[in-house]
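Given next are the chains, with one letter for each unit.
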Amino acid sequence: MIRLNDILEKINRYLPGADSSLIEKAYVFSAKVHQGQVRLSGEPYLTHPLEVAAILADMKMDIYTVATGLLHDTVEDTYATWDEIKQTFGLEIATLVDGLTKISKITLTSHEEQQAENFRKMLLAMAKDIRIVLIKLADRLHNMRTLGFLSPENQVKIAQETLDIYAPLANRLGIDRIKTELEDLSFRYLHPEEFNKLVREVAWKKEEREKYIREVSSIISEKLSSYGLGGKVSGRPKHFYSIYKKMKAQNVEFEQVYDVIAFRIILNTVKDCYEALGILHSLWKPVPGRFKDYIAMPKANGYQSLHTTVIGPYGERVEIQIRTEEMNRTAEEGIAAHWQYKEGKVIAPKDSKQFAWVRQLLEWQQDLRDPREFLETVKIDLFPDQVYVFTPKGDVKQLPVGSTPVDFAYTIHTQIGQQCVGAKVNGKIVPLRYQLKNGDIVEIITAPGHQPSKDWLKFVKTSRARTKIRQWIKAEARERSVDLGKEICERQFKKYHLDFGKLIKSEEMSKIISDLSLQSVDDLMAEVGYGNVSFKQIISKLVPPEKLERERKEESRLKRLAQKIRREPSGIQIRGIQDMLVRFGKCCNPLPGDPISGYITRGRGVTVHTADCPNILGGDPERIIQVSWNLQEKAVHAVRVRVICIDKKGLLAEISSSLASSEVNILQAHVTTTEDRKAICNFELEVNDLKHLQNVFRALTKLKNVLKVERLRGLPTIEKEERGAEA
């Protein structure tokens, strides 16, 4: 068990002469309020805050932070109050303790929601004072060290959460020592058999490995000394979880994993680092593609180092990291290496830039209330593996591995992202799904008035892109719902000979809005469009009961008609319905293969719509019937398609040839050009079914200058500009 004196000795080593009275006072207070409490291990509860404080002292934290480590559970788990902490220890410590107080007492619907809200609160606290998350990491680290006393079910749950959130968070803050221990502890409980096997295999060759480390370290030291470089050289095996990940990624056994040992060279200056790299590459052959310069291009968490892998003695692969003393301290301790909280100071601006992602993350989460969306976005932002790409002007952009041109566009500006229709990488047009590689030069092609596609969410990687696309989708969905709600209300009000324009400004409508706890007419129309508020709820407060009764009788007649149609023994199909006129909705132009629904129209039979058509979603539910395609009968169907491409001579001929090869008849064509030399080609085509259309799309997208192909919905007037949805 750690003792108070052990903690004070640690502090005295990095803060000589520091006033330890606050630490001693916090220890006494914590011992008093936790008296009688025990952990599942049977140890006094006080061992936990002592261990947390010791971890913080190992991180060389200031006096206030270490004291908070001793007090972090007092408000949550004892009779102590926040006011008492504030009165006894001051506002600074009280604020840190408050930021750490968990929200476990709040009733939430699921573990995932609990986890999301807990993490959201931690992010908010981090934005105010980064020390809060460092204490939280120390708390989690000690809990993981003593996880063996929990039930197997809780061990797995907590270990998975640690691997998903806390280890990446430590990595994002640059605290490598805590990150690696959290990963190894999580690995131990999530995959115990693999962990124990790996421990045995690493231990089995321990003597041989230590001998190899001594030999290689000696060779490197002598070589550097011969060039006048007096660096410190050390070697160690990689931690268990990193070896396990490499085995899984390469699908190999432990014996087949190369570069299990990593060597580190600590030098005085950046110039020395690059000189040492040249010396090593002249000594041993470097492995192609394994050199990374994180000094010129630091990682997002501030990490700097040169990484290279060489074929060392006995043909073994050797990974070597070369860095300065300051870089090494940053790599080991992360933000704690830049600590300036002593005597009331805060983190220097040059250091706080490294953690601007915390504030950005909070800004991007404001509209994400769904716990799954929130945690998904947080996890994306916590994993810092980066690719470095360039703008056409030579500016460097850091993006997560797997990022696409759409992610790149959103890092430039939201509007660039929204209007992105294509991209050039290294001068060649690439699909928007293309995964960017280190060194790519990326140019975004935009079209004014173009809007994001929901399909982009399937491949974008950055938090910013995901959040902006979701914001647009929600805003667009609300706009459509408002329009749909107005259309429904206008149509229904006409049945009762009511003027919709006058009614929405009336006191009666204001009262309905107030009764439904809404703020405006647009809010009410959106709720009607979403289907959350029915038209009947509104009309029942505006029309006399006897008038409503007459309309209900008419609806009952329609319902009986619908039931009669449903009783047809063969079922409803597009062809072959007896005594029933069938037509296709021009608002959505359904094709065989599209999910469809039928709508009974007075005097006009059944109109067939796509199942997601706004007109059928906003229609009278009593008139909707099930329909299906009769695939035995072959027919052609009109569909509207837009092709966006780079304006080149002979372009229309290329597209026409591709369409002819796909056995498609062109009914109409209309081409316009934009100022930035793009052509927007609107076609009305005849196709057999959805599969036929998808084949057409594939053929068109293979054309060199085509940027995007999309299926348009709406009226068949080809010249009318309107937003389409991709097929």
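Look up a bit, the structure's there.
Figured I'd write up the structure that's included with this text. (Residues numbered from 1 in each chain as written. Predicted model: local features only at pLDDT ≥ 70, side-chain atom pairs only at ≥ 80, totals over all residues. Heavy atoms only, no water.)

1. What to know about the pairing of strand β7 (residues 386–390)
Successive residues of a regular strand alternate their side chains across the two faces of the sheet.
In step 1: The buried count for β7 comes to four of five residues, which makes it a mostly enclosed element.
In step 2: Here β7 folds back onto strand β8 (residues 396–400) in antiparallel fashion, the turn holding five residues, of which Gly394 has a positive phi close to 95 degrees. (Buried < 20%, exposed > 50% of the residue type's maximum accessible area, 1.4 Å probe, protein only. Helix = DSSP H or I, 4+ residues; strand = E, 2+ residues; numbered from the N terminus. Pairing = 2+ DSSP bridges.)

2. What about the packing of aromatic side chains?
In step 1: Inspection of the entire model under this criterion finds eight aromatic pairs.
In step 2: The structure contains a cluster of three or more aromatic residues connected by ring pairs, namely Phe187, Phe195, Phe240, Tyr241 and Tyr244.
In step 3: We note Lys25 situated over the ring of Phe89; from NZ or CZ to the ring centre the distance is 5.6 Å. (Phe/Tyr/Trp six-rings, centres within 6.5 Å; stacked < 30°, edge-to-face > 60°. Lys NZ or Arg CZ within 6 Å of the ring centre and 35° of its normal.)

3. Some remarks on the sheet that holds strand β11 (residues 442–446)
In step 1: Strand order in this open sheet of three strands is β10-β9-β11, and the pairing throughout is antiparallel. The sheet is open, and its two edges are formed by β10 (428–430) and β11, each paired on a single side. Neighbour-to-neighbour, the strand axes of the sheet open up by a mean angle of 35 degrees, direction not taken into account.
In step 2: Pairing analysis gives five bridges linking strand β9 (residues 420–425) to β11, with the strands arranged antiparallel. Its bridge partner lying in β11, Lys424 is registered against Glu443.
In step 3: Where helix α20 (residues 405–412) meets the sheet, its contacts fall on β9, β10 and β11, and the angle it forms with β11 comes to roughly 85 degrees. (Axes fitted to C-alpha atoms, helices over the stretch in contact; angles between N-to-C directions. Contact = heavy atoms within 4.5 Å.)

4. Section: the sheet that holds strand β18 (residues 678–687)
Strand pairing within a sheet occurs via backbone hydrogen bonds; the two strands may be parallel or antiparallel.
In step 1: Across the sheet, four strands lie side by side as β17-β18-β16-β19; this open sheet has antiparallel pairing. Each end of this open sheet is capped by a strand with a single partner; those strands are β17 (665–673) and β19 (706–712). Strand-to-strand twist in this sheet, taken as the mean axis angle between neighbours without regard to direction, amounts to 20 degrees.
In step 2: Sheet analysis places strand β16 (residues 637–646) next to β19, joined by six bridges and oriented antiparallel. Within the sheet, the bridge partner assigned to Arg640 lies in β19 and is Leu712.
In step 3: Contacts between helix α29 (residues 651–661) and the sheet are confined to β16, β17 and β18, with β18 contributing the most and set at about 25 degrees to the helix.
In step 4: Sheet contacts for helix α30 (residues 690–701): β16, β18 and β19; angle to β19, the most-contacted strand, approximately 160 degrees.

5. Structural notes on the pattern of salt bridges
Any two side chains of opposite charge can pair, so long as their charged atoms come close to each other.
In step 1: Under the definition given, this model contains 17 salt bridges.
In step 2: When the shortest N-O distance is used, the salt bridge between Arg140 and Glu161 registers 2.8 Å. With Arg140 in helix α9 (residues 131–145) and Glu161 in helix α10 (residues 152–172), the pair connects residues that are 21 residues apart, well separated along the chain.
In step 3: Ionic pairing is found between Arg290 and Glu319, a salt bridge with its closest N-O pair at 4.0 Å. With a gap of 29 residues between them, Arg290 in the loop between β3 (285–286) and β4 (292–293) and Glu319 in strand β6 (residues 317–324) connect regions that are remote in the sequence.
In step 4: Using a relative accessible area of 28% as the deciding quantity, one classes Arg290 as partly exposed.
In step 5: The buried category is assigned to Glu319, whose relative accessible area is 10%.
In step 6: Linked by salt bridges that have partners in common, Asp62, Glu92 and Arg131 make up one network. (Salt bridge = Lys/Arg side-chain N within 4 Å of Asp/Glu carboxyl O.)

Such coordinate-based values are descriptive only and should not be taken to indicate function.
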